[in-house]
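One letter stands for each residue in the lines below.
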Amino acid sequence: MAISADHIRTLHKYEIRVLVAIERLMKRHQWVPLDILVKAVGLSESEVNYRIGRLMERGMVRFDTVPYEGYSLIFSGYDTLALLSLTRKGTVQALGCPIGEGKEAIVYEALGLGQLALKFHHIGQRSFQSVRVTREYMPDKGHCPWIFASRYSAEREYEALKKLHTSVSVPLPVDINRHVVVMEFIPGLPLHRCRPDEPEAVMNDILENAANAYRKGIIHSDLSEYNVMLDSEGTVYLIDWPQWIEVDHPNADEILRRDIENITRYFGRKFNIHMPLEEALQKVRE
Ligand SMILES: Nc1ncnc2c1ncn2[C@@H]1O[C@H](COP(=O)(O)OP(=O)(O)OP(=O)(O)O)[C@@H](O)[C@H]1O
Ligand SMILES: [Mg+2]
């Protein structure tokens with residue numbers, strides 16, 4: 001379920017208390033039994049039951065009977081907790097509309113000190129197992145793999161943006177809470193939806209930014225026309241960094257080659273600009 005500011009504004013303080021308690025108890029229990037929750041929240045059992053009912057109606061909490069009866073957060077509840085923290089801190093003042101949705105994240109527009117983009121990392125929403133196979137950096141940890149993996153993915157992305165923003169054109173990192181990265185909003189479109197006037201200059205800018213990232217010791221690892229944005233002035237931004245690797249990773253050569261080939265192939269196919277892969281790679285590595 002998509003989150004909205006209204007959804008969150010209409011939460012009762014007891015409902016927030018219940019959400020916070022479930023989150024904390026999920027460190028020890030995959031499913032939080034009602035009696036433990038009641039004790040932790042410090043309200044009557046009937047009050048807790050009523051509040052949980054309302055949270056379940058909003059798709060924030062789920063109840064299961066197998067392997068035993070208990071409650072757990074689902075993404076919308078976790079999103080709400082992160083957004084509440086960011087709002088209380090003053091990072092976010094208003095949540096806007098969703099602006100992008102991929103396999104493992106949903107991005108919203110928001111307002112804070114300026115126009116922001118909030119990226120909610122949702123790893124393992126459908127099947128945690130398949131994600132673990134495809135994203136090799138994922139450590140195997142904790143009772144609740146989707147919470148751990150989503151947080152980890154956000155932390156990785158934030159770390160890359162922090163390391164890179166002074167020398168690579170990436171969205172400026174603003175804040176992070178749980179599995180949510182707050183960054184500068186880029187007023188533009190993904191490259192695959194653009195028709196730039198000077199495609200060759202755009203390709204060279206992308207390669208130059210990849211080269212600057214490489215000099216900082218970082219390879220994107222999922223570089224393509226989907227993860228490059230272009231604003232109305234033709235400025236290039238490299239986005240979507242959670243899967244970055246270091247340049248001394250054992251598969252660095254192969255991964256860099258794949259990244260750069262995605263770019264040269266795209267410009268060849270779409271704009272008839274043909275740069276040999278070896279030449280492009282040399283530009284990035286030099
Ligand atoms: N800082 C930003 N400013 C404006 N729009 C953004 C920003 N970051 C992301 N977007 C929009 O959201 C879309 C998805 O973002 P991103 O590529 O980071 O995540 P994703 O592809 O969903 O992630 P994953 O690779 O995990 O599936 C982008 O194509 C873009 O349209
Ligand atoms: Mg992407």
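Remember, predicted model here, so these are calculated numbers, not experimental data. (Residues numbered from 1 in each chain as written. Chains lettered and ligands numbered in written order. Predicted model: local features only at pLDDT ≥ 70, side-chain atom pairs only at ≥ 80, totals over all residues. Heavy atoms only, no water.)

Asker: What is the right way to read the sheet that holds strand 6 (residues 173-177) from this model?
Answerer: The pairing of strands in a sheet comes from backbone hydrogen bonds and takes either a parallel or an antiparallel form. Strand order in the open sheet formed by five strands is 3-4-5-7-6, with antiparallel pairing between adjacent strands. Pairing within the sheet leaves two strands with one partner each, and these edge strands are strand 3 (94-101) and strand 6. Strand-to-strand twist across the sheet, computed as the mean angle between neighbouring axes with direction ignored, equals 25°. As paired elements, strand 5 (residues 115-121) and strand 7 (residues 180-184) share five bridges and run antiparallel to each other. Bridge pairing in strand 7 places leucine 118 opposite valine 182. Relative to strand 6, helix 5 (residues 75-89) is tilted by about 125°, and along the sheet it contacts strand 3, strand 5, strand 6 and strand 7. (Pairing = 2+ DSSP bridges. Helix = DSSP H or I, 4+ residues; strand = E, 2+ residues; numbered from the N terminus. Axes fitted to C-alpha atoms, helices over the stretch in contact; angles between N-to-C directions. Contact = heavy atoms within 4.5 Å.)

Asker: Can you help me understand the coordination of the magnesium ion (ligand 2) in this one?
Answerer: Ideal donor angles around a metal are set by the shape: a four-donor tetrahedron calls for 109.5 degrees, a six-donor octahedron for 90 or 180 degrees. Taken together, Asn227 (OD1) and Asp240 (OD) make up the full set of protein donors to the magnesium ion (ligand 2), lying 2.2 Å away. Linking asparagine 227 in the loop between strand 9 (218-219) and strand 10 (228-231) with aspartate 240 in the loop between strand 11 (236-238) and strand 12 (245-246), this pair joins segments that are 13 residues apart in sequence. According to the relative accessible area criterion, asparagine 227 is buried, its value standing at 6%. A residue is classified by how much of its surface remains accessible, and aspartate 240, at 21% relative accessible area, is partly exposed. (Donors = N, O, S within 2.8 Å, 3.2 Å for Na, K, Ca; no water. Buried < 20%, exposed > 50% of the residue type's maximum accessible area, 1.4 Å probe, protein only.)

Asker: When you look at the site of ligand 1 in this model, what are you seeing that I'm missing?
Answerer: Taken together, 20 residues lie around ligand 1, and Gly102, Lys119, Glu184, Ile186 and Asp240 are the ones closest in. Taking lysine 119, its side chain carries an N or O atom lying 2.8 Å from an oxygen atom of ligand 1. With the chains in place, 90% of the 620 Å² that ligand 1 exposes on its own is no longer accessible. Under a 2 Å grid-point criterion requiring more than half of the atoms, the pocket assigned to ligand 1 is the largest pocket. (Near = heavy atom within 4 Å. Polar contact = N/O pair within 3.5 Å; in protein donor to acceptor, adjacent residues only side chain to side chain. Areas by Shrake-Rupley, 256 points an atom, 1.4 Å probe, with all protein chains shown as cover. 1 Å grid on protein atoms, 1.4 Å probe; cavity = no way out; pocket = protein on both sides within 12 Å on 5 of 7 lines; lining within 4 Å. Sits in = over half its atoms within 2 Å of the grid points.)

Asker: Any chance you could explain a positive patch on the surface here in plain terms?
Answerer: Where like charges cluster on the molecular surface, the positive patch consists of Arg24, Lys27, Arg28 and Arg151. Its place among the elements puts arginine 151 in helix 7 (residues 145-164). By relative accessible area, which is 32% here, arginine 151 ends up partly exposed. (Patch = residues over 30% accessible without salt bridge, like charges linked within 9 Å, V, L, I, M, F, W, Y side chains within 5 Å. Salt bridge = Lys/Arg side-chain N within 4 Å of Asp/Glu carboxyl O. Lys, Arg positive; Asp, Glu negative; His and termini not counted. Charge placed at Lys NZ, Arg CZ, Asp CG, Glu CD.)

Asker: Quick question: what am I supposed to make of empty space enclosed by the protein here?
Answerer: Space left empty within the atom packing is revealed by a probe, the size of a water molecule, rolled over the atoms. Counted by the stated rule, this structure contains one cavity of 30 Å³ or more. Ala210, Ala213, Tyr214, Ile218, Ile219, His220, Leu223, Leu238, Trp241, Leu256, Asp259 and Ile260 are the residues that line the largest cavity. When contributions to the lining of the largest cavity are tallied by element, the ones reaching two or more residues are helix 8 (199-215), strand 9 and helix 9 (252-271). Looking at side-chain class alone, the lining of the largest cavity contains ten nonpolar, one polar and one charged residues. (Points joined across faces, edges and corners; volume = space filled by probe spheres on them. Nonpolar A, V, L, I, M, F, W, Y, C, P; charged D, E, K, R; others polar.)

Asker: How should the nonpolar core be read in this particular structure?
Answerer: Across soluble globular proteins, nonpolar side chains show a tendency to be buried alongside one another. Ranked by size, the top nonpolar core spans 43 residues in total, and within it Leu191, Ile206, Leu238, Trp241, Ile260 and Phe267 carry the most contacts. Broken down by secondary-structure element, the contributors of at least two residues to this core are helix 7, strand 7, helix 8, strand 9, strand 10, strand 11, helix 9 and helix 10 (277-285). Broken down by element, this core gets its largest block of residues, eight residues, from helix 9. When we break this core down by domain, the ones giving at least three residues each are domain 2 (94-184) and domain 3 (188-285). Dropping the residues within four chain positions of it, phenylalanine 267 is found in contact with Leu191, Pro199, Val202, Met203, Ile206, Asn272 and Ile273. Residues Val18, Tyr71, Tyr78 and Ile106 belong to the second largest nonpolar core, which totals 42 residues. (Core = buried A, V, L, I, M, F, W, Y, C linked by side-chain atoms within 4.5 Å. Domains from an automatic or database assignment.)

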